[in-house]
Amino acid sequence: MDLMNMGKAAKDAAFQLAVTSTEQKNRALALIADELEANADTILAANKRDIIAGQPAGLSEAMLDRLLLTPERLTAIANDVRQVIVLNDPVGSEVDSKVLGNGMSLARRRVPLGVIGVIYEARPNVTIDIAALCLKTGNASILRGGKETFASNMELVKVIQSALEKAELPAASVQYIEQPDRELVSQLLTMDDYVDMIIPRGGAGLHKMCKENSSIPVIIGGFGISHMFIDATADLTRSLAVVDNAKTQRPSACNSLDTLLIHESVAEAFCPMLLATLGERVTFVADRSALPLLQNAPKIRAAQEGDFDTEWLDYVLGVKVVANVQEAIEHMRVHNASHSDAIMTNSLDNAEAFINSAGSAAVYVNASTRFTDGAQFGLGAEVAVSTQKLHARGPMGLEELTSYKWVGKADYLVRN
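Residues numbered from 1 in each chain as written. Predicted model: local features only at pLDDT ≥ 70, side-chain atom pairs only at ≥ 80, totals over all residues. Heavy atoms only, no water.

**Looking at the sheet that holds strand S6 (residues 197-201)**
Okay, so step 1: Spatial strand order, S5-S4-S3-S6: four strands in an open sheet with parallel pairing. Strands with a single pairing partner mark the edges of an open sheet, and in this sheet they are strand S5 (174-176) and S6. Along the sheet, successive strands turn relative to each other by an average axial angle of 20 degrees, direction set aside.
Okay, so step 2: Strand direction decides the pairing type here: strand S3 (residues 115-120) and strand S4 (residues 140-144), joined by five bridges, are parallel. Of the residues in S4, the one forming a bridge with valine 115 is alanine 140.
Okay, so step 3: Against the sheet, helix H1 (residues 3-17) touches S3, S4 and S5, its axis set at about 145 degrees to S4.
Okay, so step 4: Against the sheet, helix H9 (residues 204-213) touches S3 and S6, its axis set at about 160 degrees to S6. (Pairing = 2+ DSSP bridges. Helix = DSSP H or I, 4+ residues; strand = E, 2+ residues; numbered from the N terminus. Axes fitted to C-alpha atoms, helices over the stretch in contact; angles between N-to-C directions. Contact = heavy atoms within 4.5 Å.)

Next up, the structure:
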C-alpha cells in the first residue's frame, strides 16, 4: 500500500470537493444512505465475522457490543446520514461581515480544512459518521480503523466509494488504510504535504503516540474520565436514575460514567440505593472512603493506583466519598476530567461552581453524561468529541470541520 499515492489522491479530491455544490454533496450522501440499506446483508455478514474473531481474542462484552452492527443499528446509521443532508452546509457562509472606513467590505468565509486523517478503534458506525461529515463540508478523508472491525469497515468503505462514483465525485474522497501495520500510521502522521489534520479516536496510548509523532495538527478526541458528583442537596432517587443511565445505557461509549463522587452527608443514604440498582450489573472500584459503605456489593474491590485515571468502557464504576463540591472538583482536576462531567444538585451556587471549575468539554447539571453526542446536540453526528481547547471542543460537527479565509471586496482600492 502506497500512502503517498493515497495522500496525493486525497488532496486532488479535496480540491474538487471544495468547489462542489451543496446539492451534489447531498446527492452523494443520499446515495450512501440508500447503498447502506441495499447492501445490509453483506455488511452484516462482514460484521459477524468481526464479532466471531473478537470472541476468542478476549474482547469484553461491552467492547463486542461496541463492534456489533444489527439491522436496526444499520438503519439508524443510514438515517443519521440522511439527517446530515438536512443540516445547513457551512461552506461558503460568511461571518463577521463589516465595511471598513476605507470602503472595503470584509468578511470571514468558511472553507473546508482539506484532507483529514482519522485513526480510530472499534465502532464501525464511526466510518460512516466521518465520511458523511467530511463529505458535507468538502473535506477528503483517509481512515484507519481498528483491526477489530476490519471486515466491517472494508464493506462500508466499498459502499461509500460506490455511492461517490454514482454521484460523479472522486472515490478518493474517502479512502481506507487496509493494512493494520502500525508503521503506516506513523507514516500517515508525517504526511503534512497532503494531510491537514489528524484526529485520533481511541485510548490514551493512541493519543499520546499521535501527539508525539505527528508533524500535522492533531485534535484529541474521545478520551477522558467522565465524572458525576452527587451533591448534598441532590434528589437522591432521581439522581440514581441518572447514574444508572450514565453507567449502563451503553458502557462502551466514551461518554459513559467512569467515576461517581458522593457528598459525605448523603453517602450513607445513597450507597445502599446504588447497590440495590447497580449491584448485580456493575463492579465497584471503591476508594477507602466508600469501601465500608459498599462492602456488601456482589462485585467490588478496593481502588488501586491508576484506577481513577482509567476510562473503563465497561460495567465498572469508581466510587469515592468527598467532603464538598470543592473536593469533587479537585479530584476531577487531578484525574483527567476533560470529556463529560455532571453534578446532581438543587443548589444554584454549587451548580455554578461546578460549571465554572470543571475543565471538561461538556458539563451537565442534573443530566446524564451520555448526552455528549453530535446527534443529541443537533449536529447530525460527530467526527470526534474534542477534549482539547483550541479550534474545536466537544462534539465536532460540520462547522468544526471548516476553517475560514478573509475575503475583502472593494472598488479598485489601494492602501495609502
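**Here we look at the pairing of strand S8 (residues 259-263)**
Okay, so step 1: Here S8 lies mainly inside the structure; five of its five residues are buried.
Okay, so step 2: Every second residue of S8 is oriented toward a common face, with Thr259, Leu261 and His263 on one face and Leu260 and Ile262 on the other, all of them buried.
Okay, so step 3: Considered for its hand, the β-α-β crossover made up of strand S7 (residues 227-230), helix H10 (residues 236-248) and S8 is right-handed.
Okay, so step 4: As defined by bridge partners, S8 adjoins strand S11 (residues 316-322) across five bridges and the pair is classed as parallel. Along S11, the bridge assignment pairs leucine 261 with lysine 320. (Buried < 20%, exposed > 50% of the residue type's maximum accessible area, 1.4 Å probe, protein only. Right-handed = clockwise from strand over helix to strand, strands pointing away.)

**Description of the nonpolar core**
Okay, so step 1: With 76 residues, the main nonpolar core has Leu36, Leu188, Val195, Ile199 and Val383 as its most contacted residues.
Okay, so step 2: In terms of residue count, the dominant contributor to this core is helix H6 (residues 125-136) (eight residues). (Core = buried A, V, L, I, M, F, W, Y, C linked by side-chain atoms within 4.5 Å.)

**Some remarks on the packing of aromatic side chains**
Okay, so step 1: Evaluated as defined, the whole model comprises one aromatic pair.
Okay, so step 2: Measuring from ring centre to ring centre gives 6.1 Å for tyrosine 404 and tryptophan 406, while their planes differ by 90 degrees; the resulting arrangement is edge-to-face.
Okay, so step 3: Accessibility expressed as a relative area gives 51% for tryptophan 406, which makes it exposed.
Okay, so step 4: Geometry around tyrosine 404 places arginine 108 over its ring, the cationic atom sitting 4.6 Å from the centre.
Okay, so step 5: Positioned above the aromatic ring of tryptophan 406, the side-chain terminus of arginine 108 is 5.9 Å from the ring centre. (Phe/Tyr/Trp six-rings, centres within 6.5 Å; stacked < 30°, edge-to-face > 60°. Lys NZ or Arg CZ within 6 Å of the ring centre and 35° of its normal.)

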